Amino acid sequence: MEEVVLSEESTLMFVLIAGITILLLMASALLMFFYFSNKKIIKKELEKKDLKISYQKDLLHSTIETQEEERKRIAQDLHDAISAKLNVVSLSTNVLIDGKLEKEEQQQTLQHILSVTTKILDSSRRLAHNLLPPILENFGLEAAIGELCDEFVSSKKIKIEYTILYKNLLSKSNELHIFRIIQELLNNSVRHGKANNVILHIKEDDEQLYIEYSDDGKGFDIKSIKKNKGIGLRNIESRVDILNGMLSFKSEIGNGAIFTISAKKPQP
């Protein structure tokens, strides 16, 4: 009888030890699972942070590069359109001051000075318009984009069909970003795309402003452009990012390009 009791106690002890051992193994397995899972999550988070930092660096680099290109363009315009012409005015004025010209020659020189001065005034207005369009400051985004489109159409290089449904709810700085995006798209269509026609629609809902832009130009290869983005596209991407917006585009060689852009509106 005692042997049977001892046998049962031994069996119970064995089962108890086995159960505890299994529980310990399961607990160890769970701990290991949570440890490696947490390690994996931390690794993913670090990778995300690294990607975010890398993206911010690329964005900053792109913004700086764009600013430098704009400065170079402004410096070139100042040199070609204003500085060089002012030198001509200065030389012509010195010739008049010398008093060695006949009356007819004096008249021709004065007419030349007047002509050059008029061109300088036009160039300075254009530079001021490019830096900060007065119509945008005084009359808002709709009027500024309308004037911009009309200027391109008047050049006879392109036809533009546009509709703008906008209630002036963005800040002036964000309106300027929208204006520059449209300006960049139009420049690309004319210079690179050699497009004949552009369709532009700007509309909004309670939360976002939407831009739908398409042209019938030469188009481009999406894979190539994503690998090697030009200054113009990087400039657009930088401005869209500042607007907390989204940019998508599609194109094929010979079939024009389509751009869709959204910008978040400030919440009341």
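These lines cover the structure that appears in this document, whether it is placed above or below. This one's a predicted model, so the numbers in the text were calculated from it and none came from an experiment.

The sheet built from five strands is open, its strands ordered β1-β2-β3-β5-β4 with mixed pairing. Strands at the two margins of the open sheet, each flanked by one partner only, are β1 (159–164) and β4 (246–251). Pairs of neighbouring strands in the sheet enclose a mean axial angle of 10°, with direction left out of account. Looking at chain direction, β4 and strand β5 (residues 257–264) are connected through six bridges and run antiparallel.

Looking now at the pattern of salt bridges. Within the structure shown, the criterion is met by two salt bridges. For the salt bridge of Lys172 with Glu175, the shortest nitrogen-to-oxygen distance reads 3.6 Å. Of this pair, Lys172 and Glu175 are both found in helix α5 (residues 172–191), three residues apart, which corresponds to roughly one turn of the helix. On the accessibility criterion, Lys172 (39% relative accessible area) is partly exposed. A relative accessible area of 2% means that Glu175 is categorised as buried. With a closest N to O distance of 3.5 Å, Lys203 and Glu212 form a salt bridge. Given a relative accessible area of 39%, Lys203 falls into the partly exposed group.

Rules used in this analysis
- Throughout this document, residue positions are counted from 1 along each chain, in the order its sequence is written.
- Two thresholds apply to this predicted model, a pLDDT of at least 70 for residue-level local features and 80 or more for giving and counting side-chain atom pairs, whereas whole-chain, interface and lining totals are computed over all residues.
- As a rule here, side-chain values cover all heavy atoms of the structure and leave hydrogens and water aside.
- A pair of strands is considered paired only if DSSP assigns at least 2 bridges between the two.
- Helix numbering and strand numbering both begin at the N terminus, where a helix is a DSSP run of H or I of at least 4 residues and a strand a DSSP run of E of at least 2.
- Convention adopted: a line fitted to C-alpha atoms gives each axis, helices being fitted over their contacting stretch, and angles between N-to-C directions are expressed from 0 to 180 degrees.
- Salt bridge, as applied in this entry: a Lys or Arg side-chain nitrogen positioned within 4 Å of an Asp or Glu carboxyl oxygen.
- Buried residues are those whose accessible area, probed at 1.4 Å on protein chains only, stays under 20% of the maximum for their type, while exposed residues exceed 50% and partly exposed ones sit between those limits.

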